Amino acid sequence: MRKIFFQILLLSAFLAWMAPCNAQQVIPLYSGKIPDSKQAANEEVISPNKEVDTIATNVSVPTLEVFLPPENISSGTAVIICPGGGYHALLINREGKDVARAFNKKGVAAFVLKYRLPSDRTMKDKSIGPIQDAQKAIEMVRQRAGEWHVNPHRIGIMGFSAGGHLAATAGTHFDQAFITDKAGVSLRPDFMILIYPVISFTDSIGHIGSRNNLLGPSPSRKQIRYYSNELHVDSLTPPTFLAQAAGDQVVSSKNSLYFYEALHRNGVPAALHLYQKGEHGFLTAPPFEEWFGRCIYWMQSNGWVH
């Protein structure tokens, strides 16, 4: 009996020690009315998917899921993660929660942004819903940095595919607030991590599916130019890490190349890894450990990770 009691005590102590490592919470992005929203039923669907694990569709109520590293290895750096899915869906695990947990092992706090997917049913102007959510996430993490043991000057944004477009939009258009920023919190990410990103909406290299979902089938030239982020890089654009497969058949690798060239031209620190083998989504190559390891090395080189 005493042996069983001792084992229970050990198990309880172990679980108590593990709790901070796995502690996470899902919080609403907005405490009140969601900006630019219409009164409409929440029709969000989370579906299993054999190829990419889990897909969220019809997202109209944005949330931020918090993943905090153990305090003893915390670097004070945070990354807001924007999953991809062509502005039609969100690969919420493979390009969200799984990556967040990997960051936690490196001492980085991670926040998975389940941003609204453009919809005329739920939004007054569907083109600005996602960027509103990205800016709100940056504002929230900065305002609650003390609570989450985060350095407010070391908050980056990461995006995959169309989520990369959203992250790049946040990094190149931070001087225009799409939310009511009463406290005047800086909406500029301190760095960007863009993985097989959609960057451009131009006819020549842009991902037209993402463009149509965000802007509709007949966007104006002004809209196309505004959301072609390679055209808006300047010296204040955050340092950027880019990774993509050269043979990407879904999003042209010229998206990453043109963005890198613009960063280099403006003197912005940047790293580009263009893989000889691989495809969109990195489903078979390169392995996660390869590109993520290079990402962590880049972060270490910039002093954001120990």
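Please refer to the structure placed before this passage.
From a predicted model like this one, the values you see are computed outputs, not experimental measurements.

Undergrad: Whenever I open this one, the overall build of the protein confuses me. Can you help?
TA: In terms of regular secondary structure, the protein is built from eight helices and eleven strands. For 306 residues, the compact-globule formula gives about 19 Å, and the C-alpha radius of gyration of the protein, at 20 Å, lands near that figure. On the principal axes, the C-alpha backbone points of the protein span a range of 75 × 45 × 45 Å. Residue burial in the protein is summarised as follows: out of 306 residues, 55% are buried. Contacts in the protein between residues at least 24 apart in sequence constitute 78% of all its contacts with a sequence separation of at least 6. Carbon together with sulfur atoms contributes 54% to the accessible area of the protein, which is approximately 14,100 Å² in total. Mean positive and mean negative side-chain charge positions of the protein (29 and 25 charges, respectively) differ by 2 Å.

Undergrad: I would appreciate a short explanation of the pattern of salt bridges in the present structure.
TA: If you walk through the whole model with that rule in mind, you get eleven salt bridges. The partner of Arg142 in a salt bridge is Asp190, and the shortest N-O contact between them spans 2.9 Å. Placement of the pair is Arg142 in helix α3 (residues 129-143) and Asp190 in the loop between α4 (162-172) and β9 (192-195), with a sequence separation of 48 residues. Its relative accessible area of 15% is what places Asp190 among the buried residues. Measuring nitrogen to oxygen at the nearest pair gives 2.8 Å for the salt bridge that ties Arg211 to Asp203.

Undergrad: Honestly, the environment of Ile179 in this entry has me stumped. Any pointers?
TA: Here Ile179 shows up in the loop between α4 and β9. Looking at Ile179, the relative accessible area reads 11%, which means it is buried. Residues Ile179 and Glu139, spaced 40 residues apart in sequence, show a C-alpha to C-alpha distance of 9.5 Å. Discounting residues that sit within four places of it in the chain, Ile179 has contacts with Tyr30, Gln132, Gln135, Lys136, Glu139 and Leu187.

Undergrad: Sorry, what's going on with the nonpolar core here?
TA: Soluble globular proteins tend to pack their nonpolar side chains together in the buried interior. Ile81, Phe103, Met158, Ile193, Ile195 and Met299 are the most contacted members of the largest nonpolar core, which totals 85 residues. Aside from chain neighbours lying at most four places away, what touches Met158 is Val79, Ile80, Ile81, Cys82, Val99, Phe103, Ala167, Ile193, Ile195 and Trp291.

Undergrad: Any chance you could explain the environment of Ile27 here in plain terms?
TA: Within the secondary structure, Ile27 is located in strand β1 (residues 24-28). Judged by its relative accessible area of 9%, Ile27 falls in the buried class. The spacing of Ile27 and Pro62 is 35 residues in sequence and 8.9 Å in space, taken between C-alpha atoms. Leaving out residues up to four positions away in the same chain, Ile27 has contacts with Thr63, Leu64, Val66, Met140, Arg144 and Trp148.

Undergrad: In this structure, what is going on with the sheet that holds strand β10 (residues 240-245)? I would like to understand it.
TA: Taken in spatial order, the eight strands line up as β1-β4-β7-β5-β8-β9-β10-β11 in an open sheet, and their pairing is mixed. Looking along the sheet, the strands with just one partner apiece sit at the ends: β1 and β11 (270-275). The average undirected angle you get between the axes of adjacent strands in this sheet is 15 degrees. Across the face of the sheet, α4 comes into contact with β5 (78-82), β8 (155-160) and β9 while running at roughly 145 degrees to β8.

Undergrad: Sorry, what's going on with the sheet that holds strand β2 (residues 45-49) here?
TA: Across a sheet, strands are paired by hydrogen bonds formed along the backbone, either parallel or antiparallel in direction. Strand order in the open sheet formed by three strands is β2-β3-β6, and the pairing between neighbours is antiparallel. Looking at the sheet topology across the chains shown, the edges are occupied by β2 and β6 (89-90). By the bridge criterion, two bridges tie strand β3 (residues 53-57) to β6 in an arrangement that is antiparallel. Looking across to β6, one finds that Thr57 is bridged to Ala89.

Undergrad: Honestly, the pairing of β8 in this entry has me stumped. Any pointers?
TA: The side chains of a regular strand alternate, residue by residue, between the two faces of the sheet. Most of β8 is tucked away: six of the six residues are buried. Alternating residues of β8 divide into Ile155, Ile157 and Gly159 and Gly156, Met158 and Phe160, and every residue in both groups is buried. Judged from the five bridges that link them, β5 and β8 form a sheet pairing that is parallel. Pairing of Cys82 across the sheet is with Gly159, part of β8. Read from β8 through α4 to β9, the crossover connection turns out right-handed.

Reading the values: rules and limits
Residues numbered from 1 in each chain as written. Predicted model: local features only at pLDDT ≥ 70, side-chain atom pairs only at ≥ 80, totals over all residues. Heavy atoms only, no water. Helix = DSSP H or I, 4+ residues; strand = E, 2+ residues; numbered from the N terminus. Rg over C-alpha atoms; globule rule 2.2 N^0.38 Å. Buried < 20%, exposed > 50% of the residue type's maximum accessible area, 1.4 Å probe, protein only. Contact = heavy atoms within 4.5 Å. Areas by Shrake-Rupley, 256 points an atom, 1.4 Å probe, with all protein chains shown as cover. Lys, Arg positive; Asp, Glu negative; His and termini not counted. Charge placed at Lys NZ, Arg CZ, Asp CG, Glu CD. Salt bridge = Lys/Arg side-chain N within 4 Å of Asp/Glu carboxyl O. Core = buried A, V, L, I, M, F, W, Y, C linked by side-chain atoms within 4.5 Å. Pairing = 2+ DSSP bridges. Axes fitted to C-alpha atoms, helices over the stretch in contact; angles between N-to-C directions. Right-handed = clockwise from strand over helix to strand, strands pointing away.

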